[in-house]
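# Commentary on secondary and tertiary structure
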Amino acid sequence: MKLTKKNLETYDYLIVGSGIFGAVCAYELKKTGKKILLIEKRDHIAGNTYTENQDGINVHKYGAHIFHTNDKEIWDYINQFAEFNRFTNSPLALYKGKLFNLPFNMNTFYQMWGTLTPKEAQQKIAAQRKEVENLEPSNLEEQAISLVGRDIYETLIKSYTEKQWGRDAKDLPPFIIKRLPVRFTFDNNYFSDRYQGIPIGGYTQIIEKMLSGVDIFLQTDFIKDKDFYIQNAKNIIYTGPIDEFYDYQHGALEYRTLRFENECHPIENFQGNAVINYTDDSVQYTRIIEHKHFENAVTPHTIITKEFPMEYKPGDTPYYPINDQVNMDRLKLYKKLSNEESNVIFGGRLAEYKYYDMHQVISAALYTVRKIINN
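Cut-offs applied
Residues numbered from 1 in each chain as written. Predicted model: local features only at pLDDT ≥ 70, side-chain atom pairs only at ≥ 80, totals over all residues. Heavy atoms only, no water. Salt bridge = Lys/Arg side-chain N within 4 Å of Asp/Glu carboxyl O. Helix = DSSP H or I, 4+ residues; strand = E, 2+ residues; numbered from the N terminus. Buried < 20%, exposed > 50% of the residue type's maximum accessible area, 1.4 Å probe, protein only. Pairing = 2+ DSSP bridges. Phe/Tyr/Trp six-rings, centres within 6.5 Å; stacked < 30°, edge-to-face > 60°. Lys NZ or Arg CZ within 6 Å of the ring centre and 35° of its normal. Axes fitted to C-alpha atoms, helices over the stretch in contact; angles between N-to-C directions. Parallel < 35°, antiparallel > 145°, perpendicular 65-115°, else oblique. Contact = heavy atoms within 4.5 Å. Nonpolar A, V, L, I, M, F, W, Y, C, P; charged D, E, K, R; others polar. Lys, Arg positive; Asp, Glu negative; His and termini not counted. 1 Å grid on protein atoms, 1.4 Å probe; cavity = no way out; pocket = protein on both sides within 12 Å on 5 of 7 lines; lining within 4 Å. Points joined across faces, edges and corners; volume = space filled by probe spheres on them. Polar contact = N/O pair within 3.5 Å; in protein donor to acceptor, adjacent residues only side chain to side chain.

A full pass over the atoms with the stated rule returns 15 salt bridges. As a salt-bridge pair, lysine 5 and glutamate 9 come within 2.9 Å of each other at their nearest N and O atoms. With a closest N to O distance of 2.7 Å, glutamate 154 and arginine 150 form a salt bridge. Taken as a pair, glutamate 154 and arginine 150 lie in helix α6 (residues 140-165) at a separation of 4 residues, close to a single helical turn. Taking relative accessible area as the criterion, glutamate 154 reaches 30% and is therefore assigned partly exposed.

Here you go:
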């Protein structure tokens, strides 16, 4: 079916994008009796949470997605669409041939210094913090040293962060690692949230269930026919880049992007862990994901993905917003324009230029639908 003015007008809401925000909005609005049309630029639904089964292994096509939250309401909400396993994210860091546990905890400190007690580790860190103790951190390097000392910074933070952001750590703002987790317990669980897991069977099934009964057009670019959609759709929920919506009139918002290299190996187990970070500059990638460990898949082969951070350019997939002052000032101008729209709602990671975790996206989408219903 080709979209025309006549059939577009039969829908109560046009939703642009089939990621979590768009899918939750579609599901909730459909429950209220609204007729929904969803269009998606890619050739598949589910946005960056898309998982694809490859010979018995659910591959996270756009990087690892591990669901975690402290909000029982959100946990119960997502569990209505799939059963979750009890996966615990316990990444490792490899630095010049030596492995360290993450996040920074008593295992890490023992591996770094041989310390056995919290007091010994605290004393070691306190001694190394002294080089910046009377300094208000002005960059990421100073912030990191003030939190964990020079050794951990040089070994586990510096090169990894510089690869991630493509900039010297001294040129990065301190707020990037302001909440760096440091634990004086032997706990390798990266997240401290009460609820955590991976959907058994992958994430795509969740979005499929949310979009059941919704008319979907894949490989349909909203921006190319933006005027047509705006003129003829009753209401629009837009989850694409906000700067692209407004033709970059205040300048492009900046991102970092990722390039993925996938490899299939004819062995059962490549690295023994779902995620290993590479924290020195001898390799270009920041981490290797071995997908089968997310769901304990039993196969004679394994699939790994190497992640290479890159500068974003038009046409790339935007991943990490660069929330410096220049971009925040631009965002304010775009938000001012969006607030003047009468029938367009902006939501999600790209439309809000905000790095959301999955549970935060669901919460924001539910809030948006509540506002729609109550107006």
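Okay, back to it.
Within the open sheet, the 7 strands sit side by side as β7-β6-β12-β13-β14-β11-β15. Their pairing is mixed. Single-partner strands in this sheet number two, and they are β7 (98-101) and β15 (320-321).

For the rest of this paragraph, the subject is the packing of aromatic side chains. The relative placement of two aromatic rings is captured by the distance of their centres and the angle of their planes. Counted by the stated rule, this structure contains 28 aromatic pairs. For the ring pair phenylalanine 87 and phenylalanine 294, a centre distance of 5.3 Å and an interplane angle of 65° mean the geometry is edge-to-face. Residue phenylalanine 87 is located in the loop between α3 (72-79) and β6 (92-95), and its partner phenylalanine 294 is located in helix α10 (residues 292-295); the two are separated by 207 residues in the primary sequence. Neither phenylalanine 87 nor phenylalanine 294 differs from the other in exposure class; each is buried. Judged by centre distance (5.9 Å) and plane angle (20°), the rings of phenylalanine 109 and tryptophan 113 are stacked. Of this pair, phenylalanine 109 and tryptophan 113 both sit in helix α4 (residues 106-113), 4 residues apart, roughly one helical turn. Considered together, phenylalanine 109 and tryptophan 113 belong to a single accessibility category, that of buried residues. One aromatic cluster is present, built from ring pairs that chain together Phe222, Phe228, Tyr229, Tyr238, Phe245, Tyr246, Tyr334 and Phe346. Geometry around tyrosine 62 places arginine 42 over its ring, the cationic atom sitting 4.2 Å from the centre.

Attention now goes to the packing of α3 against helix α13 (residues 358-374). Packed helices, taken two at a time, are described by the angle between their axes plus the distance between the axes. Across the interface, α3 lies against α13 with an axial gap of 10 Å and an inter-helix angle of 90°. What the angle tells us is that α3 and α13 run roughly perpendicular. Side by side, α3 and α13 meet where Glu73, Ile74, Tyr77 and Ile78 of the first sit next to His359, Ile362, Ser363, Leu366 and Arg370 of the second. Split into classes, the residues belonging to the contact of α3 with α13 amount to 5 nonpolar, 2 polar and 2 charged.

Okay, the sheet that holds strand β9 (residues 215-217) next. The parallel open sheet is built from 5 strands, whose spatial order is β9-β2-β1-β10-β16. For this open sheet the edge positions go to β9 and β16 (344-346), each flanked by a neighbour on one side alone. Strand-to-strand twist across the sheet, computed as the mean angle between neighbouring axes with direction ignored, equals 20°. Both strand β10 (residues 236-238) and β16 contribute to a ladder of 3 bridges, which runs parallel. For tyrosine 238, the partnering residue across the bridge sits in β16 and is phenylalanine 346.

Before going further, it helps to spend a moment on the side chain of arginine 349. Of note, arginine 349 is situated in helix α12 (residues 349-352). For the buried arginine 349, no salt bridge exists, and the shortest N-O distance to an oppositely charged side chain is 9.6 Å, to aspartate 357. Contacts of arginine 349, omitting those with residues within four sequence positions, involve Asn48, Pro318, Tyr319, Lys354 and Tyr356.

The next point concerns the packing of α4 against α6. Interhelical geometry of α4 versus α6 gives an angle of 85° and a closest axis separation of 11 Å. Taken together, α4 and α6 sit at an angle that is classed as roughly perpendicular. Contacts from Thr108, Phe109, Met112 and Trp113 in α4 reach Val148, Asp151, Ile152, Thr155 and Leu156 in α6. Among the residues making up the contact of α4 with α6, the classes are represented as 6 nonpolar, 2 polar and 1 charged.

A few words now on empty space enclosed by the protein. In this approach the atoms are scanned with a rolling probe the size of a water molecule, which exposes any empty space left behind. Applying the stated criterion across every chain, the model contains 1 cavity of 30 Å³ or more. Every residue lining the largest cavity is listed: Ile20, Thr49, Phe67, Ile78, Tyr203, Ile206, Ile207, Met210 and Met358. A class-by-class count of the residues in the lining of the largest cavity yields 8 nonpolar, 1 polar and no charged.

Another point: the side chain of asparagine 105. The residue asparagine 105 is located in the loop between β7 and α4 in this model. Separated by 2.7 Å, the side chain of asparagine 105 and the backbone oxygen of proline 103 make a polar contact. Within the local environment of asparagine 105, its side chain forms a polar contact with the backbone oxygen of aspartate 187, the two atoms lying 3.1 Å apart. What asparagine 105 contacts, discounting residues up to four positions off in sequence, is Arg183, Thr185, Phe186, Asp187 and Asn188.

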